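Below are the chains, spelled out letter by letter.
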Amino acid sequence: MSRDARKTAELLTYLSGFGNEHSSEAVPGALPVARNSPQRAPLGLYAEQLSGTAFTEPRAQNRRSWLYRIRPSAAHPAFTRTDNGTIRTGPFTETVPDPNRLRWNPLPEPPEGTDFLAGLWTLGGNGDATQRTGMAVHLYHANSSMDRVFSDADGELLIVPERGGLLLHTEFGRLPVEPAQIALVPRGVRFRAELLDTSARGYVCENYGAPFRLPDLGPIGANGLANARDFQAPTAAYEDVEGPVEVVNKFCGNLWTATYDHSPLDVVAWHGNHVPYLYDLRRFNVMGTISYDHPDPSIFTVLTSPSDTPGLAGVDFVAFTPRWLVGEDTFRPPYFHRNVMSEYMGLIEGAYDAKTAGEGGFVPGGGSLHNMMSAHGPDRETFDRASAAELRPQKLDDGLAFMFETRWPMTATAQAARAEHLQQAYDDVWSGLRRHFRPAG
Ligand SMILES: O=C(O)Cc1cc(O)ccc1O
Ligand SMILES: [Fe+2]
């Protein structure tokens, strides 16, 4: 199964660029020329628009695609409610927002036969999916490929694998995503996740708000950070499957299911800019100080979901990728701080420079939540080490961490607040920070 998926993945081709008006056809001639909805679409296909933004949003933000498919999406039976499993949605009311610093170990092993959807486990979030504001943090741990199809009306899914790859079969084509890469499935786009390895583990940011976009670069100039050309959209590929296919739809916080008589991954051609994409975090062009002080981590923003207030993101996706540290007379790891924004951090590999690695620490697959104004920063060991270190140029290349940073505090789900893998003694990493104050200098 996974060997076939790997072979498929190797042969795939992509369309390059972020937010482009892409177009792709799996069968030549499937795309109509010079109109979206001809009286009869080519090859006997049905034409259908998928709108990710309101029709009337400004051109620069407008997201929509036209799909040319074997059957229109409308041809489906009624959805009925199905168990939400371990998926939760904003508003998050199972616990109260917690000012404490929280940290989790990785999710435990799932039972045999857990697919990506069943393996989704919501840690917490904010906002309200019905208001299209806020976000959720999910983890996933799967050991089986999906033989059903999923779509999320509540938001786009930013998938951050930590262990094992996924081959995403989407309406727009196939995208393989491996640790150190990210994939984004836009709101409402149907897909199934096939495993590229025996199991897969990682993180998902479900963004109920405005679609992620590249941040403005300001004085950085016209290039840098995540470069638009490094984003890859799939080329059209379709399944011509007649027969029962389960389709699960996440809608306003609940899962609904219907058994179609065909696969809805039947798009033969498409064009538009509401498309899934892939990005390799190793391509991030890191900016940082070449003089002194530790820059704010906004300099590492890969993608941002803006809110109505300029500069205030609903959620930012920030990546801490390998880089050189050269700051003179500088405490080089992240500083002590309290932040009006709330920070969920995860680790894809190795170690993070503000936290001690190893068991009981900040480990790959684990995560931390530092909510609005909660005091955090380097742990004791990191502080002692970095304040005594000799400041030679230093390559930081033993880890890959990321942050979902959001304007609203996150509330943990009950399962996250009571999880056995919640670390009970996280506060202790900051205990024993000795006083060094000498009034006389
Ligand atoms: O580790 C953190 O808390 C994230 C973070 C990183 C950084 O480089 C500066 C500030 C910050 O919140
Ligand atoms: Fe922080």
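Everything numeric in this text was worked out from a predicted model, so none of it was measured. Each chain carries its own residue numbering, running from 1 in the direction its sequence is written. Going through the entries in the order they are written, you letter the chains from A and number the ligands from 1. A pLDDT threshold of at least 70 governs which residues receive local features in this predicted model, and a stricter bar of 80 or more applies before side-chain atom pairs are shown or counted, although totals over entire chains, interfaces and linings include all residues. Note that water and hydrogens are dropped before the side-chain values are worked out from all heavy atoms of the structure.

Mapping Val-33 onto the fold places it in the loop between β2 (22-25) and β3 (46-51). Separated by 126 residues in sequence, Val-33 and Ile-159 have C-alpha atoms that sit 34 Å apart. In DSSP terms, a helix is any run of H or I states spanning at least four residues, a strand is any run of E spanning at least two, and both are numbered starting from the N terminus.

Let's shift gears to the packing of aromatic side chains. Two rings from Phe, Tyr or Trp (for Trp, the six-membered ring) form a pair when their centres sit within 6.5 Å of each other. Planes less than 30 degrees apart are called stacked, planes more than 60 degrees apart edge-to-face, and all others tilted. In total, this model carries 21 aromatic pairs according to the counting rule given. Ring centres of Phe-231 and Tyr-277 lie 5.6 Å apart, and the angle between their planes is 75°; on these two criteria the pair is classed as edge-to-face. Separated by 46 residues along the polypeptide, Phe-231 in the loop between β15 (200-207) and β16 (232-234) and Tyr-277 in strand β20 (residues 277-280) bring together distant segments of the chain. Of the two residues examined, Phe-231 and Tyr-277, each falls in the buried class. Relative to Phe-320, the ring of Phe-300 lies with its centre 5.5 Å away and its plane at 70°, an arrangement referred to as edge-to-face. Placement of Phe-300 in the loop between β20 and β21 (301-306) and of Phe-320 in strand β22 (residues 313-320) is noted, with a sequence separation of 20 residues between them. Think of it in three bands: residues with accessible area under 20% of the maximum for their type are buried, residues over 50% are exposed, and the middle band is partly exposed, with areas taken using a 1.4 Å probe on protein chains only.

All right, on to the site of ligand 1 then. Residues in close proximity to ligand 1 include His-294, Pro-297, Phe-320, Pro-334, Tyr-335, His-337, Glu-343, Met-345, Tyr-352, His-376 and Met-403, which together make up its full environment. Counting of polar contacts relies on pairs of N or O atoms within 3.5 Å, with two restrictions inside protein: one atom must be capable of donating a hydrogen and the other of accepting it, and residues adjacent in sequence are counted only when both atoms are side-chain atoms. The separation between an oxygen atom of ligand 1 and a polar side-chain atom of His-294 is 2.4 Å. Contacts to ligand 1 include Glu-343, whose side-chain N or O atom sits 2.9 Å from an oxygen atom. We get accessible surface area from the Shrake-Rupley algorithm with a probe of 1.4 Å; when it comes to residues, only the shown protein chains can shield them. Considered on its own, ligand 1 offers 310 Å² of accessible surface; in the complex 99% of this is hidden by protein. Taken together, the residues that form the shell around ligand 1 break down as 7 nonpolar, 3 polar and 1 charged. Whether a residue is near a molecule or strand depends on its heavy atoms: if one lies within 4 Å, it is near. Any residue that is not Ala, Val, Leu, Ile, Met, Phe, Trp, Tyr, Cys, Pro, Asp, Glu, Lys or Arg is counted as polar, Gly included; the first ten are nonpolar and the last four charged.

Residue Gly-90 is joined to Pro-91 through a cis peptide bond whose omega torsion reads 5°. Here Pro-91 lies in the loop between β5 (80-82) and β6 (102-104). Its identity is not glycine, yet Leu-43 carries a phi of approximately 60°, on the positive side. Mapped onto the elements, Leu-43 comes out in the loop between β2 and β3.

Turning next to the domain arrangement of the chain. Annotation comment: domain bounds sourced from an automatic or database domain assignment. Split into domains, the chain comes out as domain 1 (3-27 + 76-281) and domain 2 (285-429). Domain 1 and domain 2 are separated by 24 Å when their C-alpha centres are compared. Note on contacts: a residue pair is in contact if any heavy atoms of the two residues lie within 4.5 Å. Residue-level contacts link 59 residues of domain 1 with 55 residues of domain 2. What counts as buried area is the accessible surface, traced by a 1.4 Å probe, that two parts surrender upon association, with contributions from both included. Three residues, Arg-101, Arg-103 and Trp-104, lead the burial of domain 1 against domain 2; their summed loss comes to 20% of the area buried on that side. Salt bridge, as applied in this entry: a Lys or Arg side-chain nitrogen positioned within 4 Å of an Asp or Glu carboxyl oxygen. For the pair domain 1 and domain 2, the interface holds 1 salt bridge. With a closest N to O distance of 2.9 Å, Asp-427 and Arg-101 form a salt bridge. Summed over the shared surface of domain 1 and domain 2, the result is 27 residue pairs in polar contact (both at pLDDT 80 or more). Listed by contribution, the elements that provide at least two residues to the side of domain 1 that touches domain 2 are β6, β7 (120-128), β8 (133-142), β10 (156-163), β15 and β20. Of the residues that constitute the side of domain 1 that touches domain 2, the class distribution is 36 nonpolar, 15 polar and 8 charged.

For Asn-339, the position within the fold is in the loop between β23 (323-325) and β24 (342-350). Owing to a relative accessible area of 16%, Asn-339 belongs among the buried residues under this scheme. From its side chain, Asn-339 meets the backbone nitrogen of Met-341 in a polar contact 3.0 Å long.

Looking now at the pattern of salt bridges. Close approach of charged atoms allows side chains of opposite charge to pair. The full count for this structure, using the stated rule, is 19 salt bridges. A salt bridge links Arg-6 to Glu-178; the nearest nitrogen and oxygen atoms lie 2.9 Å apart. Of the two residues, Arg-6 sits in helix α1 (residues 2-10) while Glu-178 sits in the loop between β12 (173-177) and β13 (181-185), which places them 172 residues apart along the sequence. Exposure remark for Glu-178: the relative accessible area of 22% places this residue in the partly exposed category. Note that Arg-283 and Asp-230 form a salt bridge whose closest N and O atoms lie 3.2 Å from each other. With Arg-283 in the loop between β20 and β21 and Asp-230 in the loop between β15 and β16, this pair connects stretches of sequence that are 53 residues apart. The partly exposed category is assigned to Arg-283, whose relative accessible area is 42%. Here Asp-230 falls in the buried class, since its relative accessible area comes to 12%. If you follow the salt bridges from partner to partner, you end up with Glu-48, Arg-69, Glu-171, Arg-190 and Asp-266 in one network.

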